[in-house]
Number of protein chains: 2
Amino acid sequence: MNDLSRLAIHTMTTKPWDLPTACAKYAAAGVPGVGLWRQWLDGRPLTESKKMLDDHGLKAVSLVRSGFYPYLNASEKQAAFDDNIKALDEAAAVGAPQVVLVCGAKPELSLPENRRHITEGIASLVEHASKVGVKLSIEPLHPMYADCRSAVNTIGQCNDMLDQIGDEWVGIAADVYHIWWDPTLEQEVKRAGKRIIGFHVCDWMTPTADMLNDRGLMGEGCIDNRGIRQLVESAAGFADWIEVEVFSTRHWATDQDAYLAKIIEAYKQHV
Amino acid sequence: MNDLSRLAIHTMTTKPWDLPTACAKYAAAGVPGVGLWRQWLDGRPLTESKKMLDDHGLKAVSLVRSGFYPYLNASEKQAAFDDNIKALDEAAAVGAPQVVLVCGAKPELSLPENRRHITEGIASLVEHASKVGVKLSIEPLHPMYADCRSAVNTIGQCNDMLDQIGDEWVGIAADVYHIWWDPTLEQEVKRAGKRIIGFHVCDWMTPTADMLNDRGLMGEGCIDNRGIRQLVESAAGFADWIEVEVFSTRHWATDQDAYLAKIIEAYKQHV
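- Under an unreviewed UniProt entry, the name given to chain A is Sugar phosphate isomerase/epimerase, and the source organism is Thalassobacterium maritimum.

1. Focus: the interface of chain A and chain B
Right, so step 1: Contact with chain A, which involves 22 residues of that partner, is made by 22 residues of chain B.
Right, so step 2: For the chain A and chain B pair, buried surface summed over both sides reaches about 1800 Å², with 74% attributable to carbon and sulfur atoms.
Right, so step 3: When the area that chain A buries against chain B is broken down by residue, the three leading residues are D147, W181 and M211 of chain A, summing to 27%.
Right, so step 4: The tally of links from chain A across to chain B stands at 0 salt bridges.
Right, so step 5: Between chain A and chain B we count 6 residue pairs in polar contact (both at pLDDT 80 or more) in total.

2. Some words on the pattern of salt bridges
Right, so step 1: Summed over the entire model, instances satisfying the criterion amount to 38 salt bridges over all chains.
Right, so step 2: Close ionic contact of D55 of chain A with K51 of chain A constitutes a salt bridge, the shortest N to O distance being 2.8 Å. Placement of the pair is D55 of chain A and K51 of chain A together in helix α2 (residues 46-55), with a separation of 4 residues, close to one helical turn.
Right, so step 3: As a salt-bridge pair, D257 of chain B and K25 of chain B come within 2.9 Å of each other at their nearest N and O atoms. Highlighted residues: D257 of chain B in helix α11 (residues 256-270) and K25 of chain B in helix α1 (residues 19-29), separated in sequence by 232 residues.
Right, so step 4: Exposure remark for D257 of chain B: the relative accessible area of 38% places this residue in the partly exposed category.
Right, so step 5: Each of D160, D163, D167, E188, R191, K194 and R195 of chain A takes part in one network of salt bridges that share partners.

3. Notes on the pairing of strand β3 (residues 59-67) of chain B
Residue and element names in this part refer to chain B.
Right, so step 1: When you tally the buried positions in β3, you get 7 out of 9 residues, the bulk of the element.
Right, so step 2: Examined bridge by bridge, strand β2 (residues 33-37) and β3 share 5 bridges and lie parallel to one another. What sits directly across from G35, in β3, is S62.
Right, so step 3: Where the polypeptide runs from β2 across helix α2 (residues 46-55) and back to β3, its parallel neighbour, the crossover connection is right-handed.
Right, so step 4: Where β3 lies against strand β4 (residues 98-102), 4 bridges are found, and the strand directions are parallel. Among the inter-strand pairings, L63 is bridged to a residue of β4, identified as V99.
Right, so step 5: As for the winding sense of the linkage, the β-α-β connection from β3 through helix α3 (residues 74-94) to β4 is right-handed.

4. Brief notes about the packing of helix α8 (residues 185-192) of chain B against helix α9 (residues 225-236) of chain B
Residue and element names in this part refer to chain B.
Right, so step 1: One can describe the packing of α8 onto α9 by two numbers: an axis separation of 8 Å at closest approach and a directional angle of 45 degrees. Put simply, α8 runs oblique to α9. When you trace α8 past α9, the crossing you get is right-handed. Counted together, L185, E186, V189 and K190 of α8 and I228, L231, V232, A235 and A236 of α9 form the full contact between these two elements.
Right, so step 2: Among the residues making up the contact of α8 with α9, the classes are represented as 7 nonpolar, no polar and 2 charged.

Parameters and conventions
Residues numbered from 1 in each chain as written. Chains lettered and ligands numbered in written order. Predicted model: local features only at pLDDT ≥ 70, side-chain atom pairs only at ≥ 80, totals over all residues. Heavy atoms only, no water. Contact = heavy atoms within 4.5 Å. Buried area = accessible area lost by both parts, 1.4 Å probe. Salt bridge = Lys/Arg side-chain N within 4 Å of Asp/Glu carboxyl O. Polar contact = N/O pair within 3.5 Å; in protein donor to acceptor, adjacent residues only side chain to side chain. Helix = DSSP H or I, 4+ residues; strand = E, 2+ residues; numbered from the N terminus. Buried < 20%, exposed > 50% of the residue type's maximum accessible area, 1.4 Å probe, protein only. Pairing = 2+ DSSP bridges. Right-handed = clockwise from strand over helix to strand, strands pointing away. Axes fitted to C-alpha atoms, helices over the stretch in contact; angles between N-to-C directions. Parallel < 35°, antiparallel > 145°, perpendicular 65-115°, else oblique. Left-handed = near helix turned anticlockwise from the far one by under 90°. Nonpolar A, V, L, I, M, F, W, Y, C, P; charged D, E, K, R; others polar.

If you want it as structure tokens, here you go:
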């Protein structure tokens, strides 16, 4: 995509940069969208973060992240609910139309139990989401995270869940890292249709040295980013932001100005 | 399962032991089955390995492994075919009724291309499998291996493939490590029915320190081994061997006699 008008970068992608730096650098490079991680809001009033984005002509396209619904006791359940409400309020305050949900999983619980807590947890937030006008965006995570990060692992599973709890205020964030391998991807993206409200790109490295922080830039690995982008567009009608979300110890250790240029080049060449 | 009559252990599980040692130790402990990795056949005639198993009253329940079908050129394709033929012959020679297939994947190829090579590769072996009376047992691997180890990642995908190439001489090896997270597991196991010809147990550790060699013994992690065993029995009618397949640098570093006792205890308590 030579046109950068749909490009957003997650603040976590350029982790060494704080919010003022990221805003200045993204804006100067012609990147219009920001995937705003909540840690980047710390230390100043939300109105100030919002103003910083506005002053640079930047749009917060998503607030990342809340979720983590499975609980071992009532206080954990309440804490998760409270934090999700807080995230929705933060998103509304900075103008982000969606909160990305990492649904959570407890290895102490059975899979069905984890999944029940998640469905009930999301359902309990719909009323507040509609009140503040912010969508809940379920990001299915790669099955290698099913033990402790998310028991929601495929688009198909999201579709089943949305059939159950409704999809007016709940959608799906499709991240290529988590879904690229799925043999049912095409049919489930088609089934999802307008439910897909977020699209994240990066790449899968061979070998993968670390299960969390060894993602690649688009083109560095084996994921067909362009093909999946075209799939969500043609099969689901997706035409919204394309968010670059790369966790990489390797890239974080490099000069971030040069890295930002590489991100933009990778976006043009491979998305 | 207090009854050990269906218990088999993969030689790779007790990696420090060579075949003579493994045979002696398994037999002495009342373990009747062996998942025989091909490296354990090296260095002696197949007839001698077979006699060693027989003399200890042991049964080779599976030969592990061949597969690796995707290729970048004609010579790689031929080499994979030859090695699979060799594995079928080896299995027949040691009395193993199935060869476990790790299907392979090349990060340089697209997923559809990898999957086409796999389907065609397996189909090309059916004639020889029927000739020597050994089944080809497709082991879907966890999606975290989709880049370079196997582009076959779910039971559902195996079912689709077997619908296409037939299931008289091709079946499925269901390993809990690879399939435990799958939201469609119950329906696809039911759909598979008699196609499931192998069942492997172990556990998923939290955290997982290494993507290959940090499996747990049953009960050490979050997998519901007993529940999945009951599922393959009730939904698919599976009543054959239960194979303990644990790759663990941690366990390999311990005293293997004590470890064998732990394996048997874990089987009794958690399978």
